[in-house]
Amino acid sequence: MKTIEQKGMYKSFPRSGKDVSFTHYCPGCGHGIINKLIAEACAEMGLQDETIFVDPVGCGVFTYYYWDAAHISAAHGRASAVATGTCRARPNAVTIAYQGDGDLGAIGFNNAFQAASRGEKFGCIFVNNSLYGMTGGQMAPTTLAGESTTTTPFGRDPALTGYPLHVCEVFSQLKAPVYIARVSVADTRRIMQAKQAIRKVFEIQRAKKGYAILEILAPCPTNFKMDPAAAADFCINEMEKEFPLGVFRDETERENPAPAAIPQAESCAALFAEKDALEPACDDDAFAERRFKFAGYGGQGILSLGLCIAEAARLERRHTLWFPSYGPEQRGGSANCSVVVSGKPIGSPTVEHPDVLVCMNRPAYERFVGDMREGGIVIVDETVPILVEPPKGVKLVVWPAIRMAEEFGVPKAANTMMLAAMKKLGCTGLKGESLEESLVASFKKKPALGEKNRELLREAEKKGS
Amino acid sequence: MTKFVKGNEAVVMGALYAGCELYFGYPITPASEIAHGAAKWFPMLGRTFVQAECETASVNMMFGAAGAGKLSMTATSGPGFSLMQEGISYLAGAELPSVVVNVNRAGPGLGNVYPEQSDYTPAVKGGGHGSYQTFTLAPASVQEMFDLTVKAFAMTAKWRTPAIVFADGLQGQMMESLVLPDSGLPKYDFSEWASEGTPKTRANLVKSIYLDAAQQERFNRHLQEKYAAMAADAMGEAYLADDAEILIVGYGISGRIARTTAEALRKEGVKAGVFRPITLNPFPREQLAAVAAGRKIMAIELDAGQFADDVRLNLAKAGLGAEAAGVVMINRMGGEIVSVDDAVKTAKEMLGA
């Protein structure tokens, strides 16, 4: 058999181990014509080397056998999401997604719509033949009212299944797309218009103008159960009534805004470099591991008090772990965090039995006091009524953290007042200087506040009892 | 130099050091800090961050980026991980390198945002359709959240199957010191198979479809041979295991509880040791067998027993049927954590001590 070389197409199509030179499309199918137009456009515009086609699942699944360019074969419905990844990964390439109406209109609608809304830089060729072809002629979102399909055997009833989905019209509500048009391949005149529109989609991608979608009405004689001529007539006389042809938007000449400049770093090392970074922890068998729990209301500085102890421990090169309450818990009013400080690598990150418990309110005290380790110490704010006795062998210290902070005129510093208690009681196993240094460092962004808190810490230590 | 960071932040840093070029993600607690860090740091290094419309989109965007020859990642938690399974199967089927981080929360369904290890089966056994496997790593510290994310990229590039970094809510949220390395991974060249939009890659085709049954079977056999070879990269860690009479097995956060439990038992004169798998697939079967023979074995986990069953399976496959039959599990679920007290008690009961 003599083969005619087709521009942009491979010379033969090795499917199922057979090397053939005809496509898999049924006689009279719109896909065959569209495939030819796409291949021609890609070749004539000299874009075969830089084009990446994202192929769909559906009747267009085998386009990778036909178009002579690189291909990525996507999951059903996901070609627009895949094309998003592709065009972001290869901004210099021309990325073209090819999707059918079940694929784009139903399972993958949101992926296509959101890609359009983001203004992804790929072109989407969307073939609308009013039904699912490959899977056996079922109803698609684009099926016409009254149209018979294998899942609307009595005709599509809008009372039960709604009305045909107008993809171009819906996408026209979005700001980002630069080109939205609907064409048809039902007769020669329409095919010539479709050819120009397809070239336009490629041109927009070559020029990196932005997102373009071209809907193409296509006959499906097999599933329409018509001969090719009747199927083409159906396309023109019935489908076009519902889906009028035309250009919905052409803003290819518009200036797209450039992304705003953001600070750039030369390398990971430069990005993550820290001034005064601390040395790694070292092992010290002589240091007895301590487990801390801090609890109270959100806004009382509970998490930062825990962080302050953790940072002091790091200053002394202890192994350190900090863990906060999180999720709805952190938004529900109560806050707690755990800190583990050790002379050896830390095993369990949880604080089942605190050596030190710091409580700023009653629920916190009552929730955790029973867990204390024998020999441990509980520091509670004096506003907490002690209705539950601590376990035997646990020291209870009542401390006027909230009152002192108010008296100093800095009510937010109640946590610093608690730090003063911990320092005074010597219950952290850490040096006083480390605690102070860590406190000051926690106000890195507001150094004046850091010094102020150091003063408050010292005052509170003297004053509190 | 050390930094004090959350596990979730360490993951982003690891990805950047590893040369990950694109991040695609959808927010979900307790993994969201990974997206936050990526949104800030990827663009600062001239790399790409895209907030996807759903997890299905995230994983398919990764497919598109990987298909075009670039390393990319996403991070999620249980419900999002479920949504990604179809896409992970496609990535495996098309042999594309990509990294998915699952910061496990409690399930099933909406569950809650607290730590569980209950996504073990989909994270370790291939949760989507078809006979595929992922390379699954289980960090146990902030340092490992970094190190194993880097490793995940190295392994996904080497084996061309998706790598899963399988963490939990606790590890994502906790802060520890992180030591950053001097350099990351070398840049990979995937132009041999990727569709990059270049003259060299014009003939390339990325796909997971084999219409012919014989071709599909040949491809599946190739995948299975590849997965078998991955065993060479299995990693595990033994601690105090040499003279142990009881071996406590746990991964991730449970591995750390195992460590403290063993230390507590040793203080009471019980010879306890730990084995912590670092890769869950490939499972470090030989390493486990080397320290498990003749010992009583206790598995610690935050699920309903998926891990203990895998320990039994691996012991049995290593010829340690008696040890497998004797595995005792101690577990918590729902966001509760196994306490060292309970683990010590169970271990003593096992030993009749």
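Per chain, the residues get numbers from 1 upward, laid out in the order the sequence is written. Ligands are numbered from 1 and chains lettered from A, in the order in which they are written. Local features in this predicted model are restricted to residues of pLDDT 70 or higher, and side-chain atom pairs are both shown and tallied only at a pLDDT of 80 or more, whereas totals for entire chains, interfaces and linings draw on every residue. With hydrogens and water excluded, all non-hydrogen atoms of the structure serve as input to the side-chain values.

Q: How would you sum up the overall build of chain A? Please name residues and give values.
A: Check the secondary structure of chain A and you find 18 helices and 17 strands. Compactness check: chain A gives a C-alpha radius of gyration of 35 Å against a globular reference of 23 Å for 465 residues, more than 25% above the reference. Dimensions of chain A, computed from the C-alpha atoms along their principal axes, are close to 100 × 50 × 45 Å. A simple rule labels every residue: compare its accessible area, found with a 1.4 Å probe on the protein chains alone, to the largest value its type can have, and call it buried under 20%, exposed over 50%, or partly exposed in between. Across the 465 residues that make up chain A, the buried fraction comes to 55%. Whether two residues are in contact is decided by their heavy atoms, any of which lying within 4.5 Å being enough. A fraction of 64% describes how many contacts in chain A between residues 6 or more apart in sequence connect residues 24 or more apart. Residues scored as positive are Lys and Arg, those scored as negative are Asp and Glu, and His as well as the terminal groups of each chain are ignored. A single reference atom marks each charge: NZ on Lys, CZ on Arg, CG on Asp, CD on Glu. Averaging the locations of the 53 positively and 54 negatively charged side chains of chain A gives two centres separated by 1 Å. Helix and strand definitions follow DSSP, with helices as H or I runs of at least four residues and strands as E runs of at least two, each counted in order from the N terminus. It is over C-alpha atoms that the radius of gyration is taken, and the globule rule equals 2.2 Å times the number of residues to the power 0.38.

Q: Residues and numbers for the overall build of chain B, please.
A: For chain B, the helix and strand inventory stands at 13 helices and 16 strands. For a compact globule of 353 residues, the expected C-alpha radius of gyration is about 20 Å, and chain B comes in at 20 Å, within 12% of that figure. Judged by the C-alpha coordinates and their principal axes, chain B covers about 70 × 50 × 40 Å. Scored against the burial criterion, the 353 residues of chain B give a buried share of 64%. In chain B, once contacts between residues fewer than 6 apart in sequence are set aside, the share between residues at least 24 apart is 80%. Accessible surface for chain B amounts to roughly 11600 Å². Of this, 51% is attributable to carbon and sulfur atoms. Note on areas: Shrake-Rupley with a 1.4 Å probe; residue coverage comes only from the protein chains shown.

Q: Could you give an account of the pattern of salt bridges, with specific residues and numbers?
A: Residues and elements named next belong to chain A. Just to be clear on terms, a salt bridge is a Lys or Arg side-chain nitrogen sitting within 4 Å of an Asp or Glu carboxyl oxygen. Tallied over the full model, the rule gives 51 salt bridges over all chains. A salt bridge links Glu 461 to Lys 423; the nearest nitrogen and oxygen atoms lie 2.7 Å apart. Here the residue Glu 461 occupies a position in helix H18 (residues 447-463), and Lys 423 occupies one in helix H16 (residues 414-425), the gap between them amounting to 38 residues. For the pair formed by Glu 461 and Lys 423, the shared burial category is buried. Counted as one network, the salt bridges with shared partners bring together Lys 7, Lys 36, Glu 40, Glu 44, Lys 195 and Arg 199.

Q: Please provide a residue-by-residue account of the packing of aromatic side chains, values included.
A: The geometry of two aromatic rings is summed up by the distance between their centres and the angle between their planes. Only the six-membered ring of Trp is used, alongside the rings of Phe and Tyr, when aromatic pairs are assigned; centres must lie within 6.5 Å, and planes under 30 degrees apart are stacked while those over 60 apart are edge-to-face, with the rest tilted. Inspection of every chain in the model, using the stated rule, returns 27 aromatic pairs over all chains. Centre to centre, the rings of Phe 113 of chain A and Phe 171 of chain A are 5.5 Å apart; their planes meet at 65°, and the pair counts as edge-to-face. With Phe 113 of chain A in helix H5 (residues 109-118) and Phe 171 of chain A in helix H7 (residues 167-171), this residue pair connects regions lying 58 residues apart in the sequence. Taken together, the ring pairs in this structure connect Phe 53, Trp 67, Tyr 98 and Phe 202 of chain A into an aromatic cluster. To sit over a ring, a charge needs its Lys NZ or Arg CZ within 6 Å of the ring centre and within 35 degrees of the ring normal. One Lys or Arg, Lys 207 of chain B, reaches over the ring of Tyr 210 of chain B and ends 4.5 Å from the middle of that ring. For the cation-ring pair, Arg 259 of chain B lies above Tyr 239 of chain B, with the distance from its terminal atom to the ring centre recorded as 3.8 Å.

Q: Can you explain the domain arrangement of chain B? Please cite residues and give values.
A: All names here are of chain B. Each assigned domain of chain B is listed with its residue range as follows: domain 1 (2-232) and domain 2 (236-351). All domain edges in this entry derive from an automatic or database-based domain assignment. Summarising the inter-unit geometry, the C-alpha centres of domain 1 and domain 2 are found 27 Å apart. On the side of domain 2, 24 residues touch domain 1, which itself brings 30 residues to the contact. Summed over both sides, the interface between domain 1 and domain 2 buries roughly 2100 Å², with carbon and sulfur atoms accounting for 53% of that surface. Put simply, buried area is how much 1.4 Å-probe accessible surface two parts lose in total, over both of them, once they are put together.

Q: Which residues make up the domain arrangement of chain A, and what values go with them?
A: Here chain A is described as being made up of domain 1 (13-250) and domain 2 (280-463). The distance between the C-alpha centroids of domain 1 of chain A and domain 2 of chain A comes to 63 Å.

Q: Account for the interface of chain A and chain B, naming residues and giving values.
A: One frequently used descriptor of interface size is the decrease in accessible area upon assembly of the parts. Each partner contributes to the interface: chain A provides 73 residues, whereas chain B provides 74 residues. For the pair chain A and chain B, the summed buried surface comes to about 5800 Å²; carbon and sulfur atoms form 61% of the total. Our count for the contact surface shared by chain A and chain B stands at six salt bridges. Measuring nitrogen to oxygen at the nearest pair gives 3.1 Å for the salt bridge that ties Asp 49 of chain A to Arg 202 of chain B. What qualifies as a polar contact is a pair of N or O atoms within 3.5 Å, subject to a donor-acceptor requirement within protein and to the restriction that residues adjacent in sequence count only when both atoms come from side chains. Here chain A and chain B share 29 residue pairs in polar contact (both at pLDDT 80 or more) between them. Of all elements in the fold, only strand S3 (51-55), strand S4 (70-73), helix H3 (79-89), H5, helix H11 (268-272), helix H12 (302-315), strand S13 (319-324) and helix H13 (328-331) of chain A reach the threshold of two or more residues within the side of chain A that touches chain B. Take the side of chain A that touches chain B: its biggest share by element is seven residues, from H3 of chain A. Amino acids outside the nonpolar list (Ala, Val, Leu, Ile, Met, Phe, Trp, Tyr, Cys, Pro) and the charged list (Asp, Glu, Lys, Arg) are all regarded as polar, and Gly is one of them. Considering only residue class, the side of chain A that touches chain B consists of 36 nonpolar, 21 polar and 16 charged. For two strands to be treated as a pair, DSSP must find at least two bridges joining them. As paired elements, S13 of chain A and strand S9 (residues 175-179) of chain B share two bridges and run antiparallel to each other.

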